[in-house]
There are 2 protein chains.
Amino acid sequence: NRRLYGYTGATLAKWSITICIGVLVGLIAYVIESSQEFLVTEKKSFAQKTVEGSLILSFLGFAGFSVLLILISSCLVLFWAPPAAGGGVTLVMAYLNGNDIPDFFKLSTLITKIIGTICSISSGLLVGQEAPMVHIGAAIASAMTWMHGSLPSDKDASTKSSRSCWNAKATNFDFYNDKDRREFISAGAAAGLAAAFGAPIGGVLYSLEEASSFWSKKVMWRSLLCCTCATMVLASINEWQFSMALPGSMAFRQLKPGFRIRDLPLFAVTSVFAGVLGAFVNIVHDRVDRLRPAATRKFSRLLEVCGITVISVAVMYLLPLALGSCLQVPEGPLPDGKMDEKYWLRYKCSKGEYNDLATLLFSLPRKSMQQLYNMQGVKHQFPTADLAIHTGSVLFLFIIAYGTATPGGIFMPSMLAGASFGACMGTIFQAIFPGENIQPGLHAIVGSTAMLGGVFRASISLVVIMVEGTGGIDFILPIIVAIVVSNWVAHHIYHAGAYEADLERLGGVYFMHSEPPHQLAALTASDIMSPNVICFHEVVPVREVLEVLRNTRHNGFPVLRHPSVDNSGAGEKFVGLVLRHQLLLLLEEGLFSEVDSSRQQHRFSLYEKPIPKQMLILEHSMRAYHHYHHPHRRFLSSRPQEVARIEAELATKRNLAEADMAPDKKTKKVVALDLRPFMNRAPLTVRRECSAQRVYVIFRTLGLRHLCVTDSHNRVIGIITRKDIAMAQKQGFQKKSLQHWDSDI
Amino acid sequence: NRRLYGYTGATLAKWSITICIGVLVGLIAYVIESSQEFLVTEKKSFAQKTVEGSLILSFLGFAGFSVLLILISSCLVLFWAPPAAGGGVTLVMAYLNGNDIPDFFKLSTLITKIIGTICSISSGLLVGQEAPMVHIGAAIASAMTWMHGSLPSDKDASTKSSRSCWNAKATNFDFYNDKDRREFISAGAAAGLAAAFGAPIGGVLYSLEEASSFWSKKVMWRSLLCCTCATMVLASINEWQFSMALPGSMAFRQLKPGFRIRDLPLFAVTSVFAGVLGAFVNIVHDRVDRLRPAATRKFSRLLEVCGITVISVAVMYLLPLALGSCLQVPEGPLPDGKMDEKYWLRYKCSKGEYNDLATLLFSLPRKSMQQLYNMQGVKHQFPTADLAIHTGSVLFLFIIAYGTATPGGIFMPSMLAGASFGACMGTIFQAIFPGENIQPGLHAIVGSTAMLGGVFRASISLVVIMVEGTGGIDFILPIIVAIVVSNWVAHHIYHAGAYEADLERLGGVYFMHSEPPHQLAALTASDIMSPNVICFHEVVPVREVLEVLRNTRHNGFPVLRHPSVDNSGAGEKFVGLVLRHQLLLLLEEGLFSEVDSSRQQHRFSLYEKPIPKQMLILEHSMRAYHHYHHPHRRFLSSRPQEVARIEAELATKRNLAEADMAPDKKTKKVVALDLRPFMNRAPLTVRRECSAQRVYVIFRTLGLRHLCVTDSHNRVIGIITRKDIAMAQKQGFQKKSLQHWDSDI
């Protein structure tokens, strides 16, 4: 059934959606990149024009424009779409790991992220667009899965269409199930990074290594196609618009220095120091983050980001005046093969010269890196001292900027700091070993890679991103050495990479790594489970269901067989699992039956069984329940308002008020739900003796949400959820008080 | 506990072993590559020297030498190490998936594979060394895990040392557990491919995408380090030995043509046809394979491989004479930057010219591909007709060679056929669109990639291998397009790639893909399980254990609680799982107790409990049981000889013959084993109602070997093993009769 003629429309639709996601991500990457480039170039020429006149007026104008830009960005974030703050990769990871992140993929978040990223980067705040692109890619993918069709149904069409977001009646497929959504979002995140770097394979590997928790060949293919489309769109635009460099690509085709095996030890030395620097960034960020105002104090946050922008602009503007050197503009075309007079910033230097620090600080990080990577001692050179100053100021600026209430990541800033540091090391080595042909540009590449390794602790995805981004396939060995060495060094200084550290800090979210945590080593399932599980019998009075739903927020309930049904006398057997939303839907649809409350539980009268077509619609509704009601929040059914709404509906539509649900005094009959046709009849269980690490592995690899713990008599003695594992590990949900956005899960 | 001072020796040892594997693989790759190059160059000059004289004598000499080489290779394979035949990737995949492949990683297999690969490639048989390198890498990794230490023990040292293969008493770690072994073998396989192509990242991704079934970040790091070491060794040797091209690398630094987005449709056309060709290879191979003599008919197999070698040599020798064109030798250095007069084969052409077909056919595939990839219309050119002839003869030669009793894979031959086909398409496009600047070399790269995509159906690993192998990061978009298009086309012509098709053909092996097969869609656990499970009680008479072990080959036995222990009266509860080798070890160590057979089972006298240190040794022995007894065959404990040996030992050493085990007539006492301290007390179980696809996913993702099926009373009603799933899918073990090596699993 996998041949040509067996193709269903759904497969075709999925691939089309994948292509659409790729194309859209590519276009948005282009918009972000080119608007930044425009704004930054304008700011640069303004600085060049006015720097000769009154310094104070010029600086005020420059800083004023920057603050205006950052105000747009951070007001959008603080007052309209708080989840758009920061990079967003951490939350994409948490979402793909199975956590609920409210409003994270909403349209308002997407728009804020796009506009905010342009504004914050252009304002001079040292943040990158790579992490935001990952979030944008994921959000676009999520938006595309809203699209769904309705089942052919006898119900009135008006109800259906009011329920569906994108009214696509002709089709009958629906991508709002967890697995498909996760696949699309993995692919979207990959495409986001691919577009930011012009690195299709790098994007796929980044999604595999960092962003995604569940991976398969299907996801690989989907991501590859999505990344290819995004990159192809960028490459096409680049071919048409010859006036601009390929957005998101750092390709420098002319630089082809060789390297020798005996240079590797020097590269390793650079990598060691860059790795230390990377771990240092993680430590400092952790400290600085605690000093920032709380998420609720919006005006303090606004003031903070404005202040940091002013500091950034001041460093950018005044440092070159104080410490920059004037250097001769090198002859010949630029690294990207084009002549561009705006590339070298003259500032207060005399004609034919450029101020090195100004050139490095005023350009977009991508351009500065291009200059550093192209340092060959022949074409142009920066003095060691200026490179050291640049490294220091970049580190300072990006650490203060990382964590403010504005969109922006630390990928590109880390690379820039690493490049500057590596180039600095290269010039030092040149001074130490004058006989050797040492190339500071190559050390800059190694420094960038090692810094990324130290900050993010990823492996081959970073290697491939660097190779694809720089086109430097010839330097793949130094790049790999840099990754291995810096990871090793950084790991011994600070235990977690930037993403892991962020995840640990986050409250309300618990990230399950693929390796079981050592805290669970000596525990068993019965140590970590929640005892006193709320269970239902197979046939349960509606009143009881409503009461439980009203008073708890649990999402899954074990179903037990009433002891009277089963004559073994060994207590209540565990026979299935029913989900909260299934119960809500059964209540809403009113599939009730009447049972005699005085008699044995198993002698009830079943409600009239739905005919197959109705059953089909019911099943479809169960799958798509959250979608119809709340397109963005799968976990919303645990809200008490939802239960109240259904209760009110029952009272008005079906005349079933609280009082009517009590057992009839005469007939002893009671309104009940029969759960047997709907519950999961074969949920996975573990024994109480099972090792907690084994439970973790089962939970994580199978992507479970509930795991019931049974004893040897098959009685439920507890239930394990993500929260229970987090509690046992003392992480995640325990820190909920720190949570930024919304305490309602 | 993951910081610097917490490092145990084991971690350090593991990383050292990883580095050793990488270095060894790199050295072996160099040996294989350089000996081939030497032999082939000698053969080439012999042909050049003698072709002017008597044609028949020259051909006989040439063919005789080739047959001699192939005889060495195939005699080794047929009479010493049968598992060394063919590529070996399929069996590495099957092993890493959890199958038992007897003798696959033995030293004899490794030696045969190395010598055989050199001989068969040099003989002129069109096979590649890439798949053998993967097998060699895996075998080296497996050999390194033999290394293990002994526990500090009070036992006599002589027993210990006789048991250990590599007597490393000072250390106390042991890598002979399934997980570590699998990790090392994954890394070794990756390093093998990395060394064959000079592609470190390509190797890692190949292992991830094709070879390995279980993957984690740890495996990724291990593979990356291993691949880097292997590549670095090759790069270092290359720097020292300037006379030779980098073995295993197809780098061609001088070719840097651009490509335009509007060329992509033409690349897509080439890819479509190459994809069709790839699927065609799979179909034809499947047909041809059925005609070959059976594995048991060794002399027929020997005759077959000699015949095919003669045919190959004849094509190579006579085709250029009949159909080759004489072309002008191009000026300037070769693609690899060196002058080499032996590169162009003059054959019967006049001086200053070369015979194109002879040059392509007599060279190693890597060199021929270099020539094809460098076709730029400027430097040198092959006529369309000759390229078509070359494509056809390469396809013919590698299809007949693939599947003979000699080591060799089809990776490089597929690439060569694709390159030749792509170049042919390129020259046709040149003729059709004379205005466009069409580069046949680029079409050759696209053709190679698409052919690989069609034959192997892999995605990013092939992209990265092509990019790293050719250094062509600039052509990454055409390469990705080729992969996507050819996979899509080939998928609709033939359902399986070369590896999948091989796995389907293999008997005695069942490969579990990550997606559940559709044959299981409508089934439940109770449909696929084996009913009538052989179970033990918690305390079981030794006589009973021996009888079961003697008469069955099962590897796992559920343990039940005797109904009298548990007063619920609901039958025999499932309380644990005991493995065959645990039982064997308990018998061997004689941990018996005496129970009263007439009384209730639960009133037994426990044997004297071992003191903690003894317990530690016992646990260690249990883990390392297979290692001590049979370093190569983990599954060997299912052999009946093993039980017979232990029975004999019991009779002689402990005076426990069959008769002594019967219940004593007076005291009613019986010798028994208490399984409770040793059994797995919390094995995973599924319900009988569980969907078979769900069972498949649980089995596959958790890497299980036994899965017990229970009813709602927690009674064992069946057991599911890999074999049961294979039976339900009608694959794998059902085809055991076709099995090549040995029917004893």
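For the structure, see preceding data.
Residues numbered from 1 in each chain as written. Chains lettered and ligands numbered in written order. Predicted model: local features only at pLDDT ≥ 70, side-chain atom pairs only at ≥ 80, totals over all residues. Heavy atoms only, no water.

## A few points about the sheet that holds strand S7 (residues 556-560) of chain B
All names here are of chain B. Across the sheet, three strands lie side by side as S5-S7-S8; this open sheet has mixed pairing. Edge strands, defined here as strands with exactly one partner in the open sheet, are strand S5 (536-537) and strand S8 (574-579). Bridging between S5 and S7 involves two bridges; their strand directions are parallel. Bridging across to S7, Phe536 finds its partner in Val559. Lying over the sheet, helix H22 (residues 580-589) contacts S5, S7 and S8, oriented at roughly 75° with respect to S8. (Pairing = 2+ DSSP bridges. Helix = DSSP H or I, 4+ residues; strand = E, 2+ residues; numbered from the N terminus. Contact = heavy atoms within 4.5 Å. Axes fitted to C-alpha atoms, helices over the stretch in contact; angles between N-to-C directions.)

## Here we look at the sheet that holds strand S8 (residues 574-579) of chain A
Adjacent strands of a sheet form backbone hydrogen bonds with each other and so pair up, either parallel or antiparallel. All names here are of chain A. The three strands are arranged S5-S7-S8 in an open sheet whose pairing can be described as mixed. Looking at the sheet topology across the chains shown, the edges are occupied by strand S5 (536-537) and S8. Pairing between strand S7 (residues 556-560) and S8: five bridges, direction antiparallel. Opposite Gly556, over in S8, you have Leu579 as the bridge partner. Against the sheet, helix H22 (residues 580-589) touches S5, S7 and S8, its axis set at about 75° to S8.

## Examining the state of the cysteines
All names here are of chain A. In this structure the tally under the stated criterion is two disulfides over all chains. Bridging Cys326 to Cys349, the disulfide has an S-S length of 2.0 Å. Since a negative S-S torsion denotes a left-handed disulfide, the Cys326-Cys349 link at about -85° is left-handed. Taken together, the positions of Cys326 in strand S3 (residues 326-328) and Cys349 in the loop between S3 and strand S4 (353-355) put the pair 23 residues apart, joining distant regions of the chain. Relative accessible area serves as the criterion here: at 36%, Cys326 is assigned to the partly exposed category. (Disulfide = S-S within 2.5 Å. Buried < 20%, exposed > 50% of the residue type's maximum accessible area, 1.4 Å probe, protein only.)

## Brief notes about the pattern of salt bridges
All names here are of chain A. As enumerated under the stated definition, the model contains 38 salt bridges over all chains in all. Arg366 serves as the salt-bridge partner of Glu37, at 3.3 Å between the closest nitrogen and oxygen. Here Glu37 is found in helix H1 (residues 9-50), whereas its partner Arg366 is found in helix H13 (residues 365-373), with 329 residues between them in sequence. The burial state of Glu37 is the same as that of Arg366; both residues are buried. One salt bridge connects Arg505 with Asp289, and the closest N-O pair in it is separated by 3.6 Å. In this pair, Arg505 sits in helix H19 (residues 498-505) while Asp289 sits in helix H10 (residues 264-291), placing the two residues 216 residues apart along the sequence. (Salt bridge = Lys/Arg side-chain N within 4 Å of Asp/Glu carboxyl O.)

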